[in-house]
Amino acid sequence: MTTPVPFDSPARLLVVDDEEHLRAMLTMAMEFLGFEVTGAATGREALHAVARGRPDLVLLDINLPDLDGFDICRTLRTRGHTMPVLFLTARGDVDDRVRGLDLGGDDFVTKPFELKEIAARVRALLRRAAERPAERHTLQAGAVRLDVHTHEVWAAGEPVGLTTTEFALLRYLMENPGRVLSRAQIQERVWNHRADGSGIVDTYVYYLRRKLGDAGVPLIRTVRGAGYLLCSD
C-alpha cells in the first residue's frame, strides 16, 4: 500500500459512488493517506454534502442512480464551486472525456483502477488547486486578455466565448509565451494524462484559432515536429 503522507491540515475529499464496496475501499485508502473523507451514494447526496461542507476535491462516479456525474459537475460549476473534480468511470470513450472536461471536470480514471494511481492524481490536482491563489488575475498576449478568476477572454476588446477546456488550453499557452510546448506537455497539463494519439490537442488548438481568428488575432503558431507556440507580440 502507498505510504501515507503527513498533512498539516488534512485535505477534505468527497467520494461519490453508488457501489458501497468501492466507496468504502476508496474511503479507507484515502483516510490511510491522511485525508478527511466523506462519502455519498447518489448525486443528490453529493450536492447536499458539498453544500454542508465544501470539500477540497471530489472523486465522482459518472454512473449514479439519480443524477449522473456530468450533471453533478455542471451543477457544481454553475454554483461557483471550483474544487477539482476527478471522474471515476467504467467508460473510456474520448467523447466522454471531452464532455466531462468541457463541463469543468479536471481528470478521469477508468475502472478498474489502482489505488496508487488515484492517490497520485488526487495529490496532483490538489497541488494545482493550491497554486491558484498566487497566480495573476489576468494574462495578456498581444490583443488577447484572459481573466483567471472570472474565466473571461477578450480579443481586440471583444469578448470571446470559450469552453472550459478551450480556456484551460489558452491559459496554459498564455502562461508560457514564446515557449514551444509539445503535444505531450499540453495534454499532460490540460487533460492530466499523457498523449495517446487521439489528436485531441490539435482539435482544440483548431477550435481556439477559429474563435480567436474570428477577432482577427493570429496567436498560436505550429512549430513543425515540436508542438505549439504562443506569439505574445
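A quick note: this is a predicted structure, and the numbers were derived from the prediction, not measured. (Residues numbered from 1 in each chain as written. Predicted model: local features only at pLDDT ≥ 70, side-chain atom pairs only at ≥ 80, totals over all residues. Heavy atoms only, no water.)

With that settled, consider unusual backbone geometry. The step from Lys111 to Pro112 runs through a cis peptide bond, and the omega angle for that step is -10 degrees. Here Pro112 lies in the loop between strand 5 (107-110) and helix 5 (115-131). Not every positive phi belongs to a glycine, and His151 is a case in point at roughly 60 degrees. Relative to the helices and strands, His151 resides in the loop between strand 7 (144-147) and strand 8 (152-155). (Helix = DSSP H or I, 4+ residues; strand = E, 2+ residues; numbered from the N terminus.)

What follows concerns the packing of aromatic side chains. Enumeration according to the criterion identifies five aromatic pairs in this entry. Here the aromatic rings of Tyr206 and Tyr207 are separated by 6.2 Å at their centres, their planes lie at 55 degrees, and the arrangement is tilted. Tyr207 gets classed as partly exposed once you look at its relative accessible area, which sits at 26%. Within the aromatic cluster, the residues linked to one another by ring pairs are Trp191, Tyr204, Tyr206 and Tyr207. Its end group placed over the ring of Trp154, Arg145 keeps NZ or CZ at 4.2 Å from the ring centre. (Phe/Tyr/Trp six-rings, centres within 6.5 Å; stacked < 30°, edge-to-face > 60°. Buried < 20%, exposed > 50% of the residue type's maximum accessible area, 1.4 Å probe, protein only. Lys NZ or Arg CZ within 6 Å of the ring centre and 35° of its normal.)

Following both chains from N to C, one finds helix 2 (residues 43-52) and helix 3 (residues 69-78) inclined at 25 degrees, their axes separated by 10 Å at the closest point. When the axis of helix 2 is compared with that of helix 3, the two are roughly parallel. Every pair of crossing elements has a handedness; the one defined by helix 2 and helix 3 is right-handed. Where helix 2 abuts helix 3, its residues Gly43, Leu47 and Val50 lie against Ile72, Thr75 and Leu76. Residues of the contact of helix 2 with helix 3, tallied by class, amount to four nonpolar, two polar and no charged. (Axes fitted to C-alpha atoms, helices over the stretch in contact; angles between N-to-C directions. Parallel < 35°, antiparallel > 145°, perpendicular 65-115°, else oblique. Left-handed = near helix turned anticlockwise from the far one by under 90°. Contact = heavy atoms within 4.5 Å. Nonpolar A, V, L, I, M, F, W, Y, C, P; charged D, E, K, R; others polar.)

The UniProt entry lists Asp61 under the feature "modified residue: 4-aspartylphosphate" (unreviewed entry), expressed in the numbering used here. Looking at where Asp61 falls in the secondary structure, it is placed in strand 3 (residues 57-61). Leave out the neighbours within four places in its chain, and Asp61 touches Val16, Asp17, Asp18, Gly69, Leu88, Thr89 and Lys111. (UniProt positions renumbered as here; feature names shortened; annotations may be inferred.)

Once that is clear, we can look at the nonpolar core. Ranked by size, the top nonpolar core spans 50 residues in total, and within it Leu60, Leu170 and Ile186 carry the most contacts. Viewed by domain, this core spans two of them, domain 1 (12-131) and domain 2 (138-230), each represented by three or more residues. Apart from residues lying up to four places away in sequence, Ile186 is in contact with Leu169, Tyr172, Leu173, Leu181, Trp191, Val201 and Tyr228. Core analysis: the next-biggest nonpolar cluster, separate from the first, contains 21 residues, Leu13, Leu22, Leu33 and Leu57 among them. (Core = buried A, V, L, I, M, F, W, Y, C linked by side-chain atoms within 4.5 Å. Domains from an automatic or database assignment.)

What follows covers the pattern of salt bridges. With the rule as written, the count across this model stands at 13 salt bridges. When the shortest N-O distance is used, the salt bridge between Glu19 and Lys111 registers 3.6 Å. Within this pair, whereas Glu19 is found in the loop between strand 1 (12-16) and helix 1 (20-32), its partner Lys111 is found in the loop between strand 5 and helix 5, the two being separated by 92 residues in sequence. For Glu19, a relative accessible area of 44% gives the class partly exposed. (Salt bridge = Lys/Arg side-chain N within 4 Å of Asp/Glu carboxyl O.)

Every buried residue belonging to helix 3 is among Gly69, Phe70, Ile72, Cys73 and Leu76, and all of these are buried. Buried positions in helix 3, seen along its axis, are confined to an arc of 160 degrees and lie on one side of it. The backbone nitrogen of Phe70 has a side-chain oxygen 3.0 Å away, supplied by the residue at the start of helix 3, namely Asp68. Looking at the residues trailing helix 3, positive phi occurs at Gly80, about 90 degrees. (Arc of directions from axis to C-beta. Polar contact = N/O pair within 3.5 Å; in protein donor to acceptor, adjacent residues only side chain to side chain.)

Mapped onto the elements, Gln187 comes out in helix 7 (residues 183-190). Taking the relative accessible area as the measure of exposure, Gln187 reaches 4% and is therefore buried. For the pair Gln187 and Val201, spaced 14 residues apart in sequence, the C-alpha to C-alpha distance is 6.6 Å.

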